[in-house]
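Residue strings, one per chain:
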Amino acid sequence: MDKVSSPTKLFQTHLNKGFLFEVFELYIDGKAGPGVDGQSTKAFKTNLDWEATTLIRKLKIGTFQFSPYREKLLSKGVNKLPRQISIPTVRDKLVLKLLSLVLAKIFPNHSSIPPHSIIKKVHVASENSPETSVYIRLDIKDFYPSVDHDILSKILAKKCRSKAIVGLINRAIKNPTGANKKSEIINKKGIPQGLSIANILASIYLEDLDDDFGSNPDYSYFRFVDDILIVCSPEKADKIASSISNALLINRKLQIHEIGTAGKSEIVPIIEGVEYLGYKFKRTEISVRNESFKKMFRILIGVFTKLKNSQNKTRVIWSINLKITGCIYNGRRIGWLFYFSQTQNWQQLNQLDAFVLKQSINSKIASPDPRIKTFKKSYREIRFNSATSNYFPNFDQFDDEQMKSELAILKPNFYTNEYLDALTSEELKRQFDKTIAYEIRDLERDMFESFS
């Protein structure tokens, strides 16, 4: 890498107010909750110029320090320990997002890759494999909390060659979660989950595994973060699983769940099928895994319960439709059905539509209510008419009048016609983005929980 495009030079060129303002506007403003200091994005924005100036100075001389992360615990189900999520302050979120964007340019092969392309490749490999083949599913024990800091630092130092970047990453991953104030306590290992740099660091950490096992013609290898899937002949399965397990233990100090741990590490015939990334693969068949399928029923029960108790039926039906169809926002396809658009199981979609109809009747609204959309039509539009369909909202293409209409539905007591008409186009867009970003947070969480 030449001097002009060196990691150090790249990092330095991003340390300017204009870029920090853009990062804040695109990724943080109205989209991030407060950290341990309780500061909101709105409060941070009032001093954005001063904050940016201070951050640039500290980052250039290497004195920037992260505040302890706020702890949030997410349930993983009955009899399972909750997942610890680390929530940075708004200031730290800005630095971490800047760092993640720089890392994506230094390591383009490790920038955030959605699982859809992997899902399609798994299905193709399954279809083209003999009926005697098997799936090997391998799951790494406590992957994020087990990442060795020294090993990660050596990998980064070798390929990144920027003391400023590596030092900042080390401070970020060693920073404690749950502490009320600055302390001497640091994380001795692990990547805190919830940081914008977490996924790219995880991918970099396992790069050698992909290099060693990803191009063998004797089997098909797939990995998404810590979930590994192999399609191979049964006589080679034990050896392959053992080789990967040994490589992870020796080179990365990571352990695989023992083979035979249902839902974690297992070897199963291809005709019986395996669950992977939220889907159920069964040679030529692909459908939504049972737990992800049941998850959507729970989601629907939640929004229909609101419908029963709400005076604003139009507002709740808007939420129901968003859960069914998903949406496009900031160039991203977001929602449960967008994620599971590769399913070929019509019966599951029929069951969901029947459930929606039943809930509509129980909620004492017109049956069938023409305002409520269907999973089957949403699926067809997403699969075969995605570029031109208006069946699901593409918020990126909304004009001023459409934005006003949506805001009036979502917050009718606040967004009155008089208030909306007084806004400039720029002010209207800002209010719209802030409101929609809040509304789609649950959609993004639903997508994450569907395959985790």
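Since the structure is predicted, the reported quantities are computational estimates derived from the model, not experimental observations.

K.L.:
What is the right way to read the overall build of the protein chain from this model?
P.N.:
In terms of regular secondary structure, the protein chain is built from 21 helices and 11 strands. Rg of the C-alpha trace for the protein chain: 24 Å, near the compact-globule value of 22 Å for 452 residues, within the 12% margin. Here the protein chain holds 452 residues, and the buried ones make up 50% of them. In the protein chain, of all internal contacts separated by at least 6 residues, the share reaching a separation of at least 24 is 74%. With the model as given, the accessible surface of the protein chain reaches about 22,900 Å², and the carbon-plus-sulfur share is 51%. Computing the positive centroid from 68 side-chain charges and the negative centroid from 50, the protein chain places the two 3 Å apart.

K.L.:
Can you help me understand the sheet that holds strand β3 (residues 134-139) in this one?
P.N.:
Strand pairing in a sheet relies on backbone hydrogen bonds, with the paired strands running either antiparallel or parallel. Spatially, β4-β5-β3-β6 is the arrangement adopted by the 4 strands of the open sheet, whose pairing is antiparallel. Each edge of the sheet is formed by a strand with only one pairing partner; in this case those strands are β4 (220-224) and β6 (266-269). Strand-to-strand twist across the sheet, computed as the mean angle between neighbouring axes with direction ignored, equals 15 degrees. In terms of strand pairing, β4 meets strand β5 (residues 227-232) through 5 bridges, oriented antiparallel. Looking across to β5, one finds that Phe224 is bridged to Asp227.

K.L.:
What am I meant to see in the packing of helix α8 (residues 149-160) against helix α9 (residues 163-174) here?
P.N.:
The angle between the axes and the distance between the axes are what describe a pair of packed helices. The contact between α8 and α9 brings their axes to 10 Å, and the two run at 160 degrees. Considering the angle they form, α8 stands roughly antiparallel to α9. Between α8 and α9 lies a crossing of right-handed hand. Together, His149, Leu152, Ser153, Leu156, Ala157 and Cys160 of α8 and Ile165, Val166, Ile169, Asn170, Ile173 and Lys174 of α9 make up the contact between the two elements. Grouping the constituent residues of the contact of α8 with α9 by class yields 8 nonpolar, 3 polar and 1 charged.

K.L.:
I tried to follow helix α18 (residues 400-410) on my own but got confused; where do I start?
P.N.:
Two residues of an α-helix separated by three or four positions point the same way, owing to the 3.6 residues in each turn. Inspection of α18 places Met403, Lys404, Glu406, Leu407 and Leu410 among the buried residues, and these make up the whole buried set. Along the axis of α18, the buried residues cluster in a sector spanning 165 degrees; they form a single face. Looking at the buried residues of α18, the elements they touch are α14 (313-325), α19 (417-421) and α20 (425-439). Its side-chain oxygen at 3.2 Å from the backbone nitrogen of Glu401, Asp399 defines the N-terminal cap of α18.

K.L.:
Is there a simple way to explain the packing of α14 against α18 in this structure?
P.N.:
Look at α14 against α18: their axes get within 8 Å of each other, and the N-to-C directions meet at 115 degrees. Relative to α18, the element α14 is oriented roughly perpendicular. The residues of α18 that touch α14, namely those facing Thr314, Arg315 and Trp318, are Glu406, Ile409 and Leu410. Among the residues making up the contact of α14 with α18, the classes are represented as 3 nonpolar, 1 polar and 2 charged.

How each quantity is defined
- Residues numbered from 1 in each chain as written.
- Predicted model: local features only at pLDDT ≥ 70, side-chain atom pairs only at ≥ 80, totals over all residues.
- Heavy atoms only, no water.
- Helix = DSSP H or I, 4+ residues; strand = E, 2+ residues; numbered from the N terminus.
- Rg over C-alpha atoms; globule rule 2.2 N^0.38 Å.
- Buried < 20%, exposed > 50% of the residue type's maximum accessible area, 1.4 Å probe, protein only.
- Contact = heavy atoms within 4.5 Å.
- Areas by Shrake-Rupley, 256 points an atom, 1.4 Å probe, with all protein chains shown as cover.
- Lys, Arg positive; Asp, Glu negative; His and termini not counted.
- Charge placed at Lys NZ, Arg CZ, Asp CG, Glu CD.
- Pairing = 2+ DSSP bridges.
- Axes fitted to C-alpha atoms, helices over the stretch in contact; angles between N-to-C directions.
- Parallel < 35°, antiparallel > 145°, perpendicular 65-115°, else oblique.
- Left-handed = near helix turned anticlockwise from the far one by under 90°.
- Nonpolar A, V, L, I, M, F, W, Y, C, P; charged D, E, K, R; others polar.
- Arc of directions from axis to C-beta.
- Polar contact = N/O pair within 3.5 Å; in protein donor to acceptor, adjacent residues only side chain to side chain.

The quantities given are spatial measurements derived from coordinates; they are silent on function.
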